[in-house]
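# Chains, contacts and geometry: an overview
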Amino acid sequence: MLVCTTNYLDRIDAAILRPGRIDARANVPLPGPRALERMLRDGLGTGISSSEMARLVRAATGGTAADVDGALRQARSVARSETREVTVEDLQRALGGDIEDANPAWERRVALHECGHAIVGTCLGIGRVTRVVLTRDGGQAWMSYATGKSVLSDLEDELAYALAGRAAERLILGTVAAGAGGNAMSDLARATQTATDIDLRFGLGADPRTRARGLPRPHGQRNRTGCGCTCRKR
């Protein structure tokens, strides 16, 4: 039996995914607060206060189960090297540092940003909101896509969804933070890719000279199972 994993199912060649090669697919979502608490309690035991656990869950939010397992192993390694028991502080550092100095104004901005994605995605019928969270690095909004036809209106809706977080910031706060930019999975990168798709499919055609350097190839029909929009600290 062969087991394959990927974070980018929509980028896998269709020939690999056809029946007889990959017969079954399972989506493994990021662990939610309850799952994170169970993993952390299994790793640290039951002698943790509610406030300490809430702090650890907040620090772990947005990470995978493998991230949490790695942090637990790192915390145990530090404690073992000092011949003592693992502490909450050990795990806090392993999960990404102390968050005691959280900035309420920044957290409000991130929450508004992610709610902007969720509201616009729902109103446009793009799919169902599955998760909106604040993480140690910023925030994430996840939506399970409904199957689309990749007509112009579908791509325009995707463009609006990608930019909705920035629009919410500007509408409510009057300014826009830099958290929507960054890597190829950021809001602005997704919006740029979608705008390029629109241009190539419905505007100037498939002229490769219109493609911005480094952008991925236009994706196919909108049949992906999920999409995440992220706002990160800068």
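Summarised in this report is the structure supplied together with it. Residue indices begin from 1 for each chain and proceed along its sequence in written order. With the structure being a predicted model, the display of local features is reserved for residues of pLDDT at least 70 and the display and counting of side-chain atom pairs for 80 or more, all residues being used for whole-chain, interface and lining totals. With hydrogens and water set aside, each side-chain value is computed from the structure's full complement of heavy atoms.

### A short note on the packing of helix 2 (residues 33-44) against helix 4 (residues 65-81)
Axis definition: a line fitted to C-alpha atoms, limited for helices to the stretch in contact. Angles are taken between N-to-C directions and run from 0 to 180 degrees. Secondary structure is summarised from DSSP: a helix means a run of H or I of at least four residues, a strand means a run of E of at least two, and numbering begins at the N terminus for each. Between helix 2 and helix 4, the shortest axis-to-axis distance is 11 Å and the interhelical angle comes to 20°. If you check the angle between helix 2 and helix 4, you find them roughly parallel. Every pair of crossing elements has a handedness; the one defined by helix 2 and helix 4 is right-handed. Here helix 2 contributes Leu 36, Met 39, Leu 40 and Gly 43 to the contact with helix 4, which in turn contributes Ala 65, Val 68, Leu 72 and Arg 76. Residue polarity is assigned by list, with Asp, Glu, Lys and Arg as charged and Ala, Val, Leu, Ile, Met, Phe, Trp, Tyr, Cys and Pro as nonpolar; anything else, Gly included, falls into the polar class. Considered class by class, the residues forming the contact of helix 2 with helix 4 number six nonpolar, one polar and one charged. Throughout, the term roughly parallel applies to angles under 35 degrees, roughly antiparallel to angles over 145, roughly perpendicular to angles from 65 to 115, and oblique to all others. Handedness of a helix crossing follows the sense of rotation of the near helix relative to the far helix, less than a right angle counterclockwise being left-handed and clockwise being right-handed. Note on contacts: a residue pair qualifies if any of its non-hydrogen atoms lie within 4.5 Å across the two residues.

### Remarks on the pattern of salt bridges
In the sections that follow, a salt bridge refers to a side-chain nitrogen of Lys or Arg positioned within 4 Å of a carboxyl oxygen of Asp or Glu. This structure, assessed with the given rule, holds seven salt bridges. Measuring nitrogen to oxygen at the nearest pair gives 3.0 Å for the salt bridge that ties Arg 73 to Asp 69. Highlighted residues: Arg 73 and Asp 69, both in helix 4, separated by four residues, approximately one helical turn. Residue Arg 73 is classed as partly exposed on the basis of its relative accessible area of 48%. Here Asp 90 and Arg 84 are joined by a salt bridge, their closest N and O atoms 2.6 Å apart. By relative accessible area, Asp 90 is classed as buried at 4%. Relative accessibility decides the category of a residue: with a 1.4 Å probe and only protein chains considered, values under 20% of the type maximum give buried, values over 50% give exposed, and everything between is partly exposed. You can call Arg 84 partly exposed: its relative accessible area is 32%. The structure contains a network of salt bridges with shared partners spanning Glu 82, Arg 84, Asp 90 and Arg 93.

### Describing the environment of Ala 111
Of note, Ala 111 is situated in helix 6 (residues 104-123). On a C-alpha basis, the gap between Ala 111 and Ala 168 in space is 9.8 Å, while along the polypeptide they are 57 residues apart.

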